[in-house]
Amino acid sequence: MSEFVLVPGARLGAWAWDAVAESLRSAGHAVYAVTLSGLAERGGPDAGRVGQQEHVDDIVSVVEGNELYDVVLVGHSYSGIPVGQAAGRSGDRLQRVVYVDSSIPADGLSFADGWPAHERAWLAEQLIEGDGTWLPAEAEHFVDQDLSEEAISQLVSRSTPHPGLTLTQPARLTRPIGELPTTYIKCLMAGETPSPDVQEQLRSPQWHLREMQTGHWPMLSQPAELLAEIVV
């Protein structure tokens, strides 16, 4: 059986993976859902000081601290950035990387570097307003994404400010991500095609594209279907 490390996207905690984690455990897999530093139950007034490498270390610590092997690292949305870096540091412990409608790291570039200039300017304003954090989104952000009212309510009520430095500091790759066995899951209601940097990586024979007819938060909108894509 594989050992799954599930990492949620921006503003979310390990709770976002509850349904998927329960199903994986029922199937006999070991599961470690990670709350990254500065978020959810690990949040607090110093969240704005948490840097991106701290998030990478969070993931590596779960893998190494629990002596995991045959590890499937799963990153959603923002967390593809630290997951891709952690995967390169995992050596022979790694079985596969799964990116769930996520960003992917590029050496020397940040999460926000791939955004258009006007969106980067908007994010800079958000981080000022949030005292160094990216504030949670309102309910409108989650409409038309195949989410129930209950799921939207959960996302709004349980999201927490996200450490801003993790969005603006550059990634540091110890190994090219194209060399790693990888599944990229594209959620079609959040855009019909992967971003150009993902399309470039999909040229690698190690990378495989899967598609889901749902929105950007499939662990909440279609957990059973997502489970089937993660367990290959």
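Residues numbered from 1 in each chain as written. Predicted model: local features only at pLDDT ≥ 70, side-chain atom pairs only at ≥ 80, totals over all residues. Heavy atoms only, no water.

Novice: Looking at this structure, I do not really get the overall build of the protein. What am I missing?
Specialist: Broken down by element type, the protein carries nine helices and eight strands. Compactness check: the protein gives a C-alpha radius of gyration of 16 Å against a globular reference of 17 Å for 232 residues, within 12% of the reference. Taking the principal axes of the C-alpha coordinates as reference, the protein spans close to 45 × 40 × 35 Å. In the protein, buried positions account for 52% of the 232 residues. Put simply, 74% of the contacts in the protein that link residues at least 6 apart link residues at least 24 apart. (Helix = DSSP H or I, 4+ residues; strand = E, 2+ residues; numbered from the N terminus. Rg over C-alpha atoms; globule rule 2.2 N^0.38 Å. Buried < 20%, exposed > 50% of the residue type's maximum accessible area, 1.4 Å probe, protein only. Contact = heavy atoms within 4.5 Å.)

Novice: Teacher, can you tell me more about the packing of helix α2 (residues 52-65) against helix α3 (residues 80-89) here?
Specialist: The description of two helices packed together rests on the angle between their axes and the distance between the axes. Packing of α2 against α3 leaves a shortest axis separation of 9 Å and a crossing angle of 50 degrees. On the basis of the axis angle, α2 is oblique to α3. When the axes of α2 and α3 are compared, the crossing they make is right-handed. Each of Q52, Q53, H55, V56, D57, I59, V60 and E64 in α2 lies in contact with α3, whose residues at this interface are I81, P82, V83, Q85, A86 and R89. Looking at the contact of α2 with α3 residue by residue, the class counts come to seven nonpolar, four polar and three charged. (Axes fitted to C-alpha atoms, helices over the stretch in contact; angles between N-to-C directions. Parallel < 35°, antiparallel > 145°, perpendicular 65-115°, else oblique. Left-handed = near helix turned anticlockwise from the far one by under 90°. Nonpolar A, V, L, I, M, F, W, Y, C, P; charged D, E, K, R; others polar.)

Novice: Explain the side chain of T214 here, please?
Specialist: Relative to the helices and strands, T214 is located in the loop between β8 (207-212) and α8 (218-221). One polar contact links T214 to S221, side chain to side chain, over a distance of 2.7 Å. The contacts of T214, once residues within four sequence positions are left out, are Q145, D146, C187, L188, M189, A190, S221 and Q222. (Polar contact = N/O pair within 3.5 Å; in protein donor to acceptor, adjacent residues only side chain to side chain.)

Novice: How should the packing of aromatic side chains be read in this particular structure?
Specialist: In this description, an aromatic ring pair is defined by two values, namely the gap between the centres and the angle between the planes. Here the structure, examined in full by the defined rule, presents eight aromatic pairs. A ring pair is formed by Y99 and Y184, whose centres lie 6.3 Å apart and whose planes are at 35 degrees; its orientation type is tilted. You can see Y99 sitting in strand β4 (residues 94-100) and its partner Y184 sitting in strand β7 (residues 182-187), a full 85 residues away along the chain. Using a relative accessible area of 1% as the deciding quantity, one classes Y99 as buried. Given the relative accessible area of 3%, Y184 is considered buried. Ring geometry for F111 against W115: centres 5.4 Å apart, planes inclined by 65 degrees, an arrangement best described as edge-to-face. (Phe/Tyr/Trp six-rings, centres within 6.5 Å; stacked < 30°, edge-to-face > 60°.)

Novice: I would appreciate a short explanation of the packing of helix α1 (residues 18-26) against helix α9 (residues 223-230) in the present structure.
Specialist: As a packed pair, α1 and α9 sit with axes 9 Å apart at the nearest point and diverge in direction by 55 degrees. Overall, the two elements α1 and α9 adopt an arrangement that is oblique. In the packing of α1 onto α9, the handedness of the crossing is right-handed. Here α1 contributes A19, V20, S23 and L24 to the contact with α9, which in turn contributes P223, L226, L227 and I230. Taken together, the residues of the contact of α1 with α9 sort by class into seven nonpolar, one polar and no charged.

Novice: Help me understand the pattern of salt bridges in this model?
Specialist: Note on pairing: side chains with opposite charge can pair once their charged atoms come close. According to the stated counting rule, one finds seven salt bridges in the structure shown. Between K186 and D101 there is a salt bridge, and its shortest N-O distance comes to 3.0 Å. Linking K186 in strand β7 with D101 in the loop between β4 and α4 (117-129), this pair joins segments that are 85 residues apart in sequence. For the salt bridge of E200 with R203, the shortest nitrogen-to-oxygen distance reads 3.4 Å. (Salt bridge = Lys/Arg side-chain N within 4 Å of Asp/Glu carboxyl O.)

Novice: When you look at the sheet that holds β8 in this model, what are you seeing that I'm missing?
Specialist: Backbone-to-backbone hydrogen bonds pair the strands of a sheet. The strands run either parallel or antiparallel. Pairing in this open sheet of six strands is parallel, and the strands run β2-β1-β3-β4-β7-β8 from one edge to the other. Bordering the open sheet on either side are β2 (30-33) and β8, each of which pairs with just one other strand. Strand-to-strand, the axes of this sheet are offset by a mean angle of 20 degrees, without reference to chain direction. Pairing geometry for β4 and β7, over four bridges, is parallel. When the bridges of β7 are listed, V97 appears paired with T182. Relative to strand β1 (residues 3-7), α1 is tilted by about 180 degrees, and along the sheet it contacts β1 and β2. Contacts from α3 reach β1, β3 (71-76) and β4, with the element oriented near 160 degrees to β3. (Pairing = 2+ DSSP bridges.)

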